[in-house]
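Examination of the molecular architecture
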Amino acid sequence: MRPRLAPSEACHLDRASELAERGRGQVHPNPMVGCVLVRDGEVVSEGWHQVYGGPHAEVVALERAGEGARGATAYISMEPCNHQGKTPPCTRALLDAGIRRVVFGAADPGDASGGGAHALREAGIDVLGPVYTPRRARTDNPGFFHDDPSRPWTLLKMAISLDGAVSRSPDAPTPLTGEEVRRQVHRLRAGSDAVLVGAGTVRADDPRLTVREGTPPRIPPRRVILDPGHTWPPEGADGAPPASGSLLDPVTAPVDVVVREEWVEARRERLEPLGLNVLSVTTTREGRLDPVALMEALAAEGVVTLLCEGGPRLARCLLAEGLVDRLALATAPCMLGPGSHLLGPLPDHDEWTPLGEPRRLGRDLWCEWERGD
């Protein structure tokens, strides 16, 4: 049974997770971690892991506290690491600073980095944790806790109207959600290795798929275009100079175009001179690009966390194959009416667990679910 915290302690641990979020897009492949030091009921200092290769959250908080850390309790969103990597072990820093007690949220699953709680207990420190369930741990750092190397951890995000439509017609972009949802999507992009869309969405919306809100990520996410019909980029695009940040501008962020295996050489001949990377994927018996093979190809490219932004056909395909780990729906307070382009039936909600309560983002409603228990 996991330990239950007193309300005041739960607040400190929640604050540590809140601080951890400030490292989004900056610390990958390390997890986002936050730390709060409390002594005699007063917060002494706070810290978070700010950049990959830099000091971990505990070390930042300890340095800010100085002698004020002696005798304090450290509330840390993840178990302190116990190995020498790019930085020394955080367990040693906590011991040297005279920390009296450690409360941590998520257990570190790493073979090398794990074991910090045991090391601290062996040294006489009072340790409480892990407090978080595996689901709660994945909420903050899903890619770090993803245990299937054959495919990326995948978040599917879709915007829909009250009558379940994504646009007025398949070929006409229909802005649905407001600025707050847009900022949320950019936050999700910043924490992803790649952003995936279908070629139909590209033709209709002409998206950039870049991070243009908040702190730019350390490594911009790859932009992946699923193009089974070999319709993108349109004819005539080869000679036109690309607009900065557009999908034909691979300098901004890498662009992968996923094509049928039998067409790979012809597509490479056209697309590689444009700076675009071509990935080939086998087809199913029905002649469609195999979604499992797609995920394997992305994993081979180093994609651990994937954000899929549609369109509806791609979304339904990934859901049907059980390749979506988290589903996020942004519902706009409008109706698109008869003849609109529908998302289609969503998966059985018995297979999914809500992640918190639905919340308002401006005028829109944001809901998230995670597959499994």
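Everything here concerns the structure above.
Everything in this summary refers to the structure shown in the same document. Throughout this description, residue numbers start from 1 for each chain and increase along the sequence as written. This being a predicted model, a pLDDT of at least 70 is required before a residue's local features are given, and a value of 80 or more before pairs of side-chain atoms are given or counted; all residues contribute to the totals for chains, interfaces and linings. Based on all heavy atoms of the structure, the side-chain values leave hydrogens and waters out of the count.

Time to look at the pairing of strand β3 (residues 73-78). Note on classification: 1.4 Å probe, protein chains only; a residue is buried when its accessible area is under 20% of the maximum for its type, exposed when over 50%, partly exposed between these limits. For the purposes of this entry, the term helix denotes a DSSP run of H or I that reaches at least four residues, the term strand denotes a run of E that reaches at least two, and both are numbered from the N terminus. For β3, the tally of buried residues reaches six of six residues, placing the bulk of the element in the interior. Whether two strands pair comes down to DSSP finding at least two bridges between them. Strand direction decides the pairing type here: strand β1 (residues 34-39) and β3, joined by four bridges, are antiparallel. By the bridge assignment for β3, V36 is matched with Y75. Looking down the strands as they point away from you, a crossover is right-handed if its path from the first strand over the helix to the second goes clockwise. For the crossover from β3 across helix α3 (residues 90-96) to strand β4 (residues 101-106), the handedness is right-handed.

Further remarks concern the layout of surface pockets. In this structure, the second largest pocket encloses a volume near 1,000 Å³. Here a cavity is any set of points on a 1 Å grid over the protein atoms alone where a 1.4 Å probe fits but cannot get out, and a pocket is any open set with protein on both sides within 12 Å along at least 5 of 7 lines; a residue lines the site when it has an atom within 4 Å of a point. In terms of lining, the second largest pocket is formed by 49 residues, of which the most central are R24, T139, D140, P142 and R187. Every element with two or more residues in the lining of the second largest pocket is listed here: α1 (7-20), α5 (134-140), α6 (142-145), β6 (153-160), α7 (179-190) and β17 (364-371). Just so you know the grouping, Ala, Val, Leu, Ile, Met, Phe, Trp, Tyr, Cys and Pro go in nonpolar, Asp, Glu, Lys and Arg go in charged, and all remaining residues, Gly too, go in polar. Classifying every residue of the lining of the second largest pocket gives 21 nonpolar, 14 polar and 14 charged. Grid points are joined across faces, edges and corners, and a volume is the space filled by probe spheres set on the points.

Within helix α9 (residues 264-271), burial applies to V264, R267, R270 and L271. In an axial view of α9, the angular spread of the buried residues amounts to 130°, which keeps them on one side of the axis. Facing away from the buried surface of α9 by more than 90 degrees, the exposed residues are E265 and E269. On its buried face, α9 sits against β10 (255-260) and β11 (277-281). Directions pointing from the helix axis toward each C-beta atom define the arc. Here a residue-residue contact requires only that any non-hydrogen atoms of the pair lie within 4.5 Å.

What follows is about empty space enclosed by the protein. Within this structure, the stated rule accounts for one cavity of 30 Å³ or more. Put simply, the largest cavity is a space of about 40 Å³. M32, S77, M78, A106, Y132, A137, D140 and N141 are the residues that line the largest cavity. Put simply, the parts of the chain that give the lining of the largest cavity at least two residues each are β3 and α5. When its residues are assigned to classes, the lining of the largest cavity shows five nonpolar, two polar and one charged.

The sheet built from five strands is open, its strands ordered β2-β1-β3-β4-β5 with mixed pairing. Of all the strands in the sheet, just β2 (42-48) and β5 (126-128) have a single pairing partner and so form its edges. Neighbour-to-neighbour, the strand axes of the sheet open up by a mean angle of 15°, direction not taken into account. Angles here are taken between N-to-C directions and fall from 0 to 180 degrees, while the axes themselves are lines fitted to C-alpha atoms, restricted in helices to the stretch in contact.

The values are spatial; any link to function lies outside them.
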